[in-house]
Amino acid sequence: MPGLGTSFGRGGATTSQQDLINSDAILIMGSSMAENHPVGFQWVVEARERGAKIIHIDPRFNRTSAMADIWTPIRAGSDIVLIGALIRYVLENERDFREYVLHYTNASILLRDDFKDTEDLDGLFSGWNAEKNQYETDSWAYRGARLKHDVAERGKSGGHAHDRGGEKLHANEYEQDLTLQNPHCVYQVLKRHFARYTPEMVESACGIPKDVFHKIAETLCSASGPDKTAAVCYAVGWTQHSKGVQIIRSAAILQLLLGNIGRPGGGILALRGHASIQGSTDIPTLYDILPGYLPMPYFEEDSDSLKEYIETHQPKAGWWHNLDKYTVSLLKAYYGENATEENQFGFNWLPRVTGDHSHLGYWIDMADGKMEGLFVMGQNPAVGAPNSRLERKALSNLKWLVVRDMVETETASFWLDSPEIERGELRTEEIETEVFLFPAAGHVEKSGCFTNTQRLNQFHVKAIDPPEDARSETWFMYHLGRRLKEKSKAHPSPDNVALDALTWDYSAEGAIGEPNVEEVLQEINGYTVADRKLVSGYKELKADGSTACGCWIYSGIFPKPGENLARKREPKDFLGHGWGFAWPSDRRILYNRASARPNGTPWSERKKLVWWDAERKEWTGYDVPDFTRTKAPDYRPKKTAKGDDALAGDKPFIMHPEGMGRLFVPSGLKDGPLPTQYEPLESPLRNELYPARQNDPAAKKLERSDNTYANSPDKRFPYVLSTYRLTEHHTAGGMTRYLSHLAELQPEMFCEISPQLAADLEITHGEWVTISTARGIIEARAQVTARIKPLRLDGQTIHQVGLPYHWGYKGLVKGDSANDLVAISQEPNVRIMETKALLCNVRPGRRERGEQGLAELAEITGEGRRA
Amino acid sequence: MSTTAFLTDSTLCIGCKACEVACKEWNQVEGDGFEWKGFSYDNTGALGHSTWRHVKFVEAGALPGRGGNSPDAFTWGMLSDVCKHCENAGCLEACPTGALVRTEFGGVYLQDDICNGCAYCVVTCPFGVVERNPDKGRAFKCTFCYDRQKEGLQPACATACPTESIKFGEIEPLRERARARLKKLREDGFGDVHLYDPTESSVGGVHAFFITRGDPSAYNLPPEPEVPTVYLRKGWISAGIAAAVMLAGTLLAFAGSDKR
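Residues numbered from 1 in each chain as written. Chains lettered and ligands numbered in written order. Predicted model: local features only at pLDDT ≥ 70, side-chain atom pairs only at ≥ 80, totals over all residues.

**Re the overall build of chain A**
So, point 1. Secondary structure summary: chain A contains 24 helices and 30 strands in total.
So, point 2. Over its C-alpha atoms chain A spans a radius of gyration of 26 Å, differing by no more than 12% from the 29 Å that the globule rule assigns to 867 residues.
So, point 3. Its C-alpha atoms give chain A principal-axis dimensions of about 80 × 70 × 55 Å.
So, point 4. Scored against the burial criterion, the 867 residues of chain A give a buried share of 59%. (Helix = DSSP H or I, 4+ residues; strand = E, 2+ residues; numbered from the N terminus. Rg over C-alpha atoms; globule rule 2.2 N^0.38 Å. Buried ≥ 20, exposed ≤ 12 C-beta atoms within 10 Å, placed from the backbone.)

**Focus on the interface of chain A and chain B**
So, point 1. At the interface, 36 residues of chain A touch 29 residues of chain B.
So, point 2. Elements with a contribution of two residues or more to the side of chain A that touches chain B: α3 (41-49), β3 (70-72), α22 (740-743) and β26 (777-784) of chain A.
So, point 3. Looking at the side of chain A that touches chain B, the element that brings in the most residues is α22(A), giving four residues. (Contact = placed C-beta atoms within 7 Å.)

**Section: the packing of helix α14 (residues 359-367) of chain A against helix α16 (residues 388-395) of chain A**
Two numbers describe a pair of packed helices, the interaxial angle and the distance between the axes.
Residue and element names in this part refer to chain A.
So, point 1. Where α14 contacts α16, the two axes come as close as 8 Å, and the packing angle between them is 55°. Relative to α16, the element α14 is oriented oblique. α16 is crossed by α14, and the crossing has left-handed handedness. Contact residues: Trp-363, Met-366 and Ala-367 in α14; Leu-390, Glu-391, Lys-393 and Ala-394 in α16.
So, point 2. Grouping the constituent residues of the contact of α14 with α16 by class yields five nonpolar, no polar and two charged. (Axes fitted to C-alpha atoms, helices over the stretch in contact; angles between N-to-C directions. Parallel < 35°, antiparallel > 145°, perpendicular 65-115°, else oblique. Left-handed = near helix turned anticlockwise from the far one by under 90°. Nonpolar A, V, L, I, M, F, W, Y, C, P; charged D, E, K, R; others polar.)

**Let's talk about helix α13 (residues 323-335) of chain A**
Residues that lie three or four places apart on an α-helix share one face, since the helix turns once every 3.6 residues.
Residue and element names in this part refer to chain A.
So, point 1. Here α13 contains 13 residues, and its C-alpha end-to-end distance of 18 Å stays within 8% of the 18 Å for a straight helix at 1.5 Å per residue.
So, point 2. Burial within α13 is extensive, with twelve of its 13 residues counted as buried.
So, point 3. Three or more residues of α13 are buried, namely Leu-323, Lys-325, Tyr-326, Thr-327, Val-328, Ser-329, Leu-330, Leu-331, Lys-332, Ala-333, Tyr-334 and Tyr-335.
So, point 4. Of the surrounding secondary structure, the elements contacted by the buried residues of α13 are β8 (289-290), β9 (294-295), α12 (306-313), α20 (497-501), α21 (517-525) and β19 (547-548).
So, point 5. Taken from the residues just after α13, Gly-336 is the one with a positive phi, measuring 55°. (Expected span 1.5 Å × (residues − 1).)

**Focus on the sheet that holds β19(A)**
Residues and elements named next belong to chain A.
So, point 1. Strand order across the open sheet formed by three strands is β18-β17-β19, with antiparallel pairing between neighbours. The two strands at the open ends of the sheet, each matched to only one other strand, are β18 (533-534) and β19.
So, point 2. In the sheet, strand β17 (residues 527-528) pairs with β19 via two bridges, with the strands oriented antiparallel. For Thr-528, the partnering residue across the bridge sits in β19 and is Thr-547. (Pairing = 2+ DSSP bridges.)

Here it is in structure tokens:
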């Protein structure tokens, strides 16, 4: 999560859901929290009961809006205009928390003379290389900071590898103006950058009336300060945009200006969409990072020398200075005694990033016939992935496909009953893909961990054995690895040295040989190599090969044999200490040093959390201090100091080399140091701010004949489309459409449209409608509701259409998949697609079937005929 | 004897339907079938033999000045309905087989293995709660989770509710909580809240009361529920009078024929 990572230092929610009860106002935007996180939403309800004001901003009035004090519809894709205007409101009216801003953010840091803002260059920051279609970010550095060689800047990388904050420059070197008057200081740059984000622009770009804007701004500002705090909750309604990271960045700026980070009731809560999505970036299923957010080495750019890799990625100051310890300990966990100092601890056994290996990147490769095989686990891309029609067709290019799931998903049966078969685009008898469907154990049928939205790791114990041949993922991966290693042993090959070197010695237990997951968790926790004694935390890790650790941020989760903290269920306080384990070090609110003044005393009695105990000379409080426990507030580092010692006693953002929260991000983002309003890749409007720059310049459309786009605007596709989820179903439906008690609650695909649009198109509530985009056509039942409101923007009416995306061609309840309509596009930093702001058309009646269906598709998308 | 009750508070309900699903899972209730109904987000329709908790969604226009719930823009009310477990229960009084009984918790329990499917309970329920399963021929309704209560557990719906919109407990303290809640809501600007607890009506009080915004009848809660047996006396008197009149007429007819 580079949005949070580059701003604060760690790519995770800064607070916990339970802490929302301490908020005085909660802004929920880019999320329908009540709909998709109903259990966590209890804390929002509790906060409201205690007097907090709940603000919900969403194109649709949904379950969350129903509980809000203020709801306003917004034009999908205009989020940065609204948050930018809130930032402007704070700056213009001097509502910022000045002491916090001065000491804890980089507001006072001076930028270089050659830095140019979008306001100077008509929508581009300085450094844009039009030939390469990417930024060269030298000019974004702090004035006086030496630059570094940044491997991730060279193209193929994803941004996850990049949010350590010190990749491009020595960010601990800077010049400051504490009066904030210097025109080159971040504060003044920020002011100029957002000067045109006025309430008038909010009205014309977002469709939010000025008085509603003022109400929102005043509610947030008056709920912030020494005695008050406001929180922001977001989910994929912000992420899944062509500029999603920058939307999150805008919230980070607002919360830093209001002094709401690191304090009870404050923070930014990144709501994750699945049980362990946070866990799947911590111990990643991503291609560009290793466990604990260590960068995956790049082919060519990263040398084959571990020493150079560490020098490249290790900042001099800040916590990431420990990168060498975490890297070597990870290699020791991977390769055990085979990892020696002589062979650089097996550094060159690690695979290298050679291109875009993200989901969308490799799926395009698959469509082009460049891939042979695929494992699909815990996923149903035939329904859940963008341009699912393209994705399903791409599956037919594989030689083999392994699907592990609890049911036969659409992905497993694309060759039999997909819409492509029905339309004759694919023929079953011509598909050569061999499909292996393995039954998977459900979560109650296996033990293991979830790391939830607030970095909280909870261990769960198996309740019953899985039925018949169903097995856990751990079982599958362990035995697959074991068999591969045995095979390699029998037929040695230089290609397999990394596989041969890998430690793979978990105990397999019981009749089916289930690996002991607590052993895995112990390896993740880390141990000293000599005596295999568990370490108590990452501070014990060493760079000399004497310790091993599978994921440094989780270290401390299993400090002693028999003491699995993730298994604890005895909450002691309002932050839930004693229940599970929150990384890092069981801190529930990150950067909590900021909950005290620079001198270490709480900002107020009401909002005290962590403070300096002058008598005992240590940090204490209700949470585990996110700070070196004995570092006094008046500590000032020597020039020669390194790592955490190089940070002063009043610098709460300890991961960053300068120890400050970043209003301006000098390193780590591919599309600008500040958020800027660009239109979605498909928009009914031109970018009124920068007519020459319609879209985020670094976003990728991956446009091709089977992934086409509408124009902006486009008469063929006049309406704005957002996809979303419902409480009753889980994502692509594999876990809910097959259960009658859930399937009956939302049995059919529907399309939410306003009564006005329904009247214009002569659509009656409940009848079938056909929805089309430049990629595909689907049908749905018309849910005509006043919860969807047309927006009036500068005299123009904008109609928005809402589509849940849960249905497919299998299960108890079937329906068309909204993802057939979505394009495969890539946000520049995390390569996520844009699902929340598209252009579509709607007509009454059902879609055509068979050959006529193909003809209809070809007419709309300009392709689709069988080659 | 402990008598218990539900307090269901629409001002806390987020319409997640966890109560419906938890009820069906615990009690192994059959499904409702897969029919998209188009009534807002509600596709299970109403309380019946296969739905013992039912969340109703009420979409309404802007109601400015009513406090909370985005009143300037729109309101979307949600309420989880359930069997009221009446003090004077029409179903129980009408049941000819003794399938319906009063439990020690004050609830009305339908023993489906004793039910003969006469459906008298269906027509005598003032709230439209009881329904006969056409396939099985017998009636079904909320058990008040009698089995769970016997074990000291809360009913499944109350346990599953994430926002404590469904509260469960001893009836009198719960009634006190309901009144206190009503007072607080009014102080917070919810001028239109009501406590639905028809003690004055002929059902003589219920074991499931509700806090609603606006008119409770919008949520299928009748303003004056009546247990049909209140008409028994009147019915018997009318029948008696009719019988007397007919007898008298008959006698008169005979008396007249004598004269002839």
